[in-house]
Amino acid sequence: MLKDQAMSVVFDGNPLKAMQTSHTHTPQNALSTQELSQEIKSFISGVDTVQGRKLSVREHARCAVRLLRSVPACRGAVLEHLRGVYDEHVSAFLHNLETEGDASAGAGSNLEDIIQEVHGVLSEFIRLNPRAWAPLVSAWAVDLLGQLSSKHAGRRAAPNSSSLNELLQLWMSCAATRSLMEAYSQCLAAMLAWCPDACVDALLDTSVQHSPHFDWVVAHIGSAFPGTIISRVLACGLKDFCSHGTKDQGLGVMGGDKGSRVPKIGSVVGILGHLAAHHSDSIRRELLRMFQESLSPSGPLSPSSSSSSWESSPQLRRAAIPFLLQLAALSPNLLGAVSAELVELLRPPVLLQLQALLQGLPREELDNMLGLAVHLISQSPAGGARVLRFLADTATPASVIISGPTPSPHEGVREACDRLLQMLLLHLHKLVYNRSDGGEGNPHHSASSQAQRVIPFLEELQGHVGELCAETLRLERKRHLWLHQLLCLLSVYGGPTVATEALCQLLTQARNPEELALAWQLHTPLSACLPGLIPAAVARCVAQIHTHTLGPRQLRQLLLNLAAAIQSQDEERRGAAGAQSSMAIQVGSAVSGHLHDFCPLLLHGDPAVSHAAVRLLSSSPLPRASSPAHLLLLSRAAVTHFFLALRRRGEGGKVGRDGGQAGEAVNCSVLLLSRLAAYSPLTLKSVLQQLVEGALHKGNTDLFGGQIADMAGDPPLSPSQCPDLGASLLDINCRFGTTVNFSGSVWSVFHAGVIGKGLKVRTARPLPDPAGVIQNVQTLLAVTVQCCSSSGLNGAINGSRHPPADPDEPPPVNAEAAKVIAVTLVENICPDVANGELSWPPEEHARTTVERDIHIRRCFEAHPVLFPLLHVVAAGRPALCYCSAVLRGLLATLLAHWEASREAAATDSPWHLQASCLLVSCMGEGQLLPPVLGNVHEAFPYLTPFEVRLLLLAVWEYVRGNGPMPQKFVFSSEKGLFCRDFSRDGDVARYVAPIHSVLHKNIARLGHLCWRFQL
């Protein structure tokens, strides 16, 4: 047969005529007719006609080369013979590698110069006459490369498991395969001008026949000619795809049958996959160009594509989109390369063209394409957020206002995207909840099942949880339902981390109860598979607060949402059922563990954030156990916020804004303080101490109608009367706090002024709003009484607490709590008083403490709130006994004033009259005085200063004779209070004589009060 083939090509006139131009350059190698005949006979028979011996492989090959040079018409037979030569060289090369060079490699080394000589001849022929030689040599070279790759693929030197780069390095180090690769590259470069399709078709055919062993050839050729290979490979693949039919391709791909229906598509995927590493931009442009040209009603979009004929065929244009889907399904790299930019191309005009193209497809084929599109979206490694946004925007009904420049899509396009989105959610649901199937029964498939658990679309969306939550909370019809379902699937897929982030984002961004309900709806399905989700979400919210990642508005909204979640427990108590109440309990429990993290927000500079924080803390349950440091921190912040809320309420009332919010903040603050006081004795003492200290602080005195006084008790000088002269030693020395304290001795120092400047001038300070002052005082008393009347602590005395007989009557003030207030008042009003100074000396001995007494009186003048606080202390008998030193000092100054007063009536000294009445009333309520003496203040407004002094002197004498000792009080189990039995203190009549004398003298004015002073 070889002889027949050789003779046929020798006497074939046309090929011989085509080759004549290739011999004009080698006249020195021309053979005579006789020599040429002998060479042909030797080549055909394999025997040397001169010597009569059999030719060796090397000699036979040289004969073929000489024949190829002299008689190009014999090229078919020569090239066929050279296949064996190349195969012999490759076998020797691989054998040498397998034996690590120990075995003989003579055959390979002897044939290498023959291969170089053949390569030189073919290269010269292609250069001189490419149209005649390039198609022949390219087909021969690529076919031989495929045969050699497949034949030697199983050898130890070229294992099947080797990577593409390793195989490429192996074969390119072999002279035979390298020569074939260079010859094919030269042919391809020459054929690009007139016939590239034939060359690429041969490459694809060989790739299909010898894949995957032929992939290294495709990789090398494609890297050398990326533009030609990419466009021609796509065109050839499309033609083959269309010729084999486009139906049911989606099912074939998703079922795993990749090459049985369309042989070349696997090669197309392999070639483009190899080129994607370095030529991804070119591949992306070609794929997008094919998509655009398939939709364009007119000719090709670019002049470069005119050489390919698929654009002019309607059948190929219709098959282009299914073909592209098939390629994307077979190659994740191709899918990732075009998915992002493809979404940008899908504008309304393009969507309409796409809809018109797909309407002509059969229903079954269209369903397969949608299923394949859903599969591709779920497997898209990049651009998932863009795809989702595009589908949601396009599928949203026209009645919903879409934010942004996106115009309303066509109704048919909208319905198609709606269906596609529904199918995507269903497909993701199956993937998420079936991820663990298949790997438990068979341990050999554990690795593959683990790899199948990765869903690229959801993996990419994990970085867009915040954006998904924001879009979901827009509550657009249908749109928020889709996104909420996707958010739930993403939380299940991502595990606790993603679920916690999603729930935290919903709690942070929700702005009303309807939006907040989406958080409960998300938690309901997740609670079954992700326990501990709410504590983790609250902890993440706290972490955001610590890192200051939230702005004031977001922080306020987060606090309000947490408070609303906790307050929903009330609905459960009123009969509301469901998961919302259960979640409210969990949120309350989680927040209670982070109260020390939320309490600094009470002092936030933004009043809205501060209000939201107090609302949250006032509704949150307190933890069962907490460290003292956290409790003290919380109580300190709560008391500070209370005074800030009072000030904001007053400022809001003045300007007429935020009155309701400021009032609500005060109410929440009062509730928080009362709950803290009821928590433990430690918090009770801390809250009461800080309430009293805060009320007497110079920054808060104006809230309760007081005036800021200097350390000597005098109001400060006005700036106009005491100009700022800078740092002056005289000014410092004139301050009372820098002088020696002579209290307790007969020496006293008073600062009435500066020599040369005259007496100190009292400033006329603007009076605060009386209504606001009264409201603030009432609020302070209310929170103080609530703290002192906490039901959790009132039973600490004598083991039990007795409720009052009248249900409307407020609970009694706790004696221990009142004692805390009393001690705090004494420490702030008169710090140098010892705790043991309870007994009263004779009235004439009061001059030894005159300086301290004046300081006490000035404190009462500067802080009108002291009298209401003393009344609270008096209600918690016997706590008023611990204020003995303060009461004595104030009474001493009042006695001195009334003694020195020359006014006609006591009403001419309004402050002293009021102070005298309040002092006696307070002492009577605290049972430091018997009822007959505790009522004398009712007569003060009708008396003269001298008569008022007589009655106050009787009070002094009684208290001096019957010291205010707590031991004189006995607990009454009937009343649940401490009471004093005055019958044990002796005869009271001798102290009432001055009262009766004054009554008799003023019987006309005091007749109606006589019954109040009966023994």
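Just so you know, these numbers come straight off a predicted model, no measurement behind them.

**What about the overall build of the protein chain?**
Counting its regular elements, the protein chain contains 47 helices and four strands. Here the protein chain, with 1015 residues, has 48% of them falling under the buried criterion. Restricting to contacts in the protein chain with at least 6 residues of sequence separation, those with at least 24 account for 75%. When the accessible surface of the protein chain is split by element, carbon and sulfur atoms take 55% of a total near 47,000 Å².

**Quick word on unusual backbone geometry**
A cis amide bond links R877 with the next residue in sequence, P878, at an omega value of 5 degrees. Residue position: P878 is located in the loop between α41 (866-875) and α42 (884-900). Phi at L475 takes a positive value of approximately 60 degrees, unusual for a residue other than glycine. With respect to the helices and strands, the residue L475 is situated in the loop between α23 (465-472) and α24 (479-494).

**Digging into the pairing of strand β3 (residues 969-972)**
Looking at chain direction, β3 and strand β4 (residues 977-980) are connected through four bridges and run antiparallel. Along β4, the bridge assignment pairs F969 with R980. Joining the antiparallel neighbours β3 and β4 is a turn of four residues, in which G976 adopts a positive phi near 75 degrees.

**What about helix α25 (residues 496-509)?**
When the terminal C-alpha atoms of α25 are compared, their 20 Å separation across 14 residues agrees well with the 20 Å that a helix rising 1.5 Å per residue should span. Counting buried residues along α25, eleven of its 14 residues qualify, which places the element largely inside the surrounding structure. Taken together, the buried positions of α25 are V498, A499, T500, E501, A502, L503, C504, Q505, L506, L507 and T508.

**Focus: the environment of M923**
Along the polypeptide, M923 turns up in helix α43 (residues 910-925). For M923, the residues in contact, after removing those within four places along its chain, are W840, L880, L887, L928, L929, V955 and V959.

**Digging into the environment of R127**
For R127, the position within the fold is in helix α6 (residues 106-128). Along the backbone, R127 and A190 are 63 residues apart, and their C-alpha atoms lie at a distance of 8.3 Å. Within the local environment of R127, its side chain forms a polar contact with the side chain of E124, the two groups lying 2.3 Å apart.

**Details of the packing of aromatic side chains**
When we look at a pair of aromatic rings, we describe it by the centre distance and by the angle of the planes. Throughout the structure, instances matching the rule amount to six aromatic pairs. On the numbers, 6.2 Å between centres and 90 degrees between planes, the contact of F643 with F704 is edge-to-face. Of this pair, F643 sits in helix α33 (residues 628-655) while F704 sits in the loop between α35 (681-696) and α36 (729-733); the two residues are 61 residues apart in sequence, bridging distant segments of the chain. With a relative accessible area of 3%, F704 lands in the buried category.

**What to know about the state of the cysteines**
Tallied over the entire structure, the rule returns zero disulfides. A disulfide-free cysteine, C787 has its sulfur positioned 6.7 Å from the sulfur of C788, the nearest such atom. Taking relative accessible area as the criterion, C787 reaches 1% and is therefore assigned buried.

**Thoughts on the layout of surface pockets**
Taken as a whole, the second largest pocket encloses approximately 1,100 Å³ of empty space. Every residue lining the second largest pocket is counted, 37 residues in all, and those nearest its centre are L325, L346, L354, A373 and L420. Elements supplying a minimum of two residues to the lining of the second largest pocket: α14 (263-295), α15 (314-330), α16 (332-345), α17 (348-359), α18 (363-378), α19 (384-395) and α20 (411-433). Looking at side-chain class alone, the lining of the second largest pocket contains 31 nonpolar, four polar and two charged residues.

**Description of the environment of P768**
The residue P768 is located in the loop between β2 (758-759) and α37 (770-788) in this model. P768 sits 66 residues away from D702 along the chain, and the two C-alpha atoms are 6.8 Å apart. In contact with P768, other than residues within four places in its own chain, are D702, G705 and V773.

**With respect to the packing of α24 against α25**
Running from N to C, α24 and α25 cross one another at 145 degrees; their axes reach a closest spacing of 5 Å. Residues L487, L490, S491 and G494 of α24 lie in contact with α25, whose contacting residues are P496, T497, V498, A499, A502 and L506. Taken together, the residues of the contact of α24 with α25 break down into seven nonpolar, three polar and no charged.

**Re the confidence of the model for the protein chain**
On average, residues of the protein chain score 77 in pLDDT, and 78% of them are at 70 or above. For the stretch residues 299-308, pLDDT sits under 50, and the model shows 15 contacts to residues farther than four places along the chain or on other chains.

**Looking at the side chain of R83**
Looking at the secondary structure, you find R83 in helix α5 (residues 75-98). Polar side-chain contacts of R83 include one of 3.0 Å to the side chain of D143. Residues within four places of R83 in sequence aside, it is in contact with W140, D143, L144 and Q147.

**Observations regarding the pattern of salt bridges**
When their charged atoms lie close together, side chains carrying opposite charge are able to pair. Going through the model one piece at a time under the given rule, you end up with 26 salt bridges. In this structure, K151 engages D87 in a salt bridge whose closest nitrogen and oxygen atoms are separated by 2.4 Å. Residue K151 is found in helix α7 (residues 130-151), and its partner D87 is found in helix α5; the two are separated by 64 residues along the sequence. On the accessibility criterion, D87 (17% relative accessible area) is buried. Across the pair R540 and E501 runs a salt bridge, and its minimum N-O distance is 2.2 Å. In this pair, R540 sits in helix α27 (residues 533-547) while E501 sits in helix α25, placing the two residues 39 residues apart along the sequence. Note on R540: relative accessible area 36%, which makes it partly exposed. Since its relative accessible area comes to 15%, E501 is described here as buried. Three or more residues joined by partner-sharing salt bridges are found here, namely D393, E471, R474, E476 and R479.

What counts as what
- Residues numbered from 1 in each chain as written.
- Predicted model: local features only at pLDDT ≥ 70, side-chain atom pairs only at ≥ 80, totals over all residues.
- Heavy atoms only, no water.
- Helix = DSSP H or I, 4+ residues; strand = E, 2+ residues; numbered from the N terminus.
- Buried < 20%, exposed > 50% of the residue type's maximum accessible area, 1.4 Å probe, protein only.
- Contact = heavy atoms within 4.5 Å.
- Areas by Shrake-Rupley, 256 points an atom, 1.4 Å probe, with all protein chains shown as cover.
- Pairing = 2+ DSSP bridges.
- Expected span 1.5 Å × (residues − 1).
- Polar contact = N/O pair within 3.5 Å; in protein donor to acceptor, adjacent residues only side chain to side chain.
- Phe/Tyr/Trp six-rings, centres within 6.5 Å; stacked < 30°, edge-to-face > 60°.
- Disulfide = S-S within 2.5 Å.
- 1 Å grid on protein atoms, 1.4 Å probe; cavity = no way out; pocket = protein on both sides within 12 Å on 5 of 7 lines; lining within 4 Å.
- Points joined across faces, edges and corners; volume = space filled by probe spheres on them.
- Nonpolar A, V, L, I, M, F, W, Y, C, P; charged D, E, K, R; others polar.
- Axes fitted to C-alpha atoms, helices over the stretch in contact; angles between N-to-C directions.
- pLDDT = per-residue confidence, 0-100.
- Salt bridge = Lys/Arg side-chain N within 4 Å of Asp/Glu carboxyl O.

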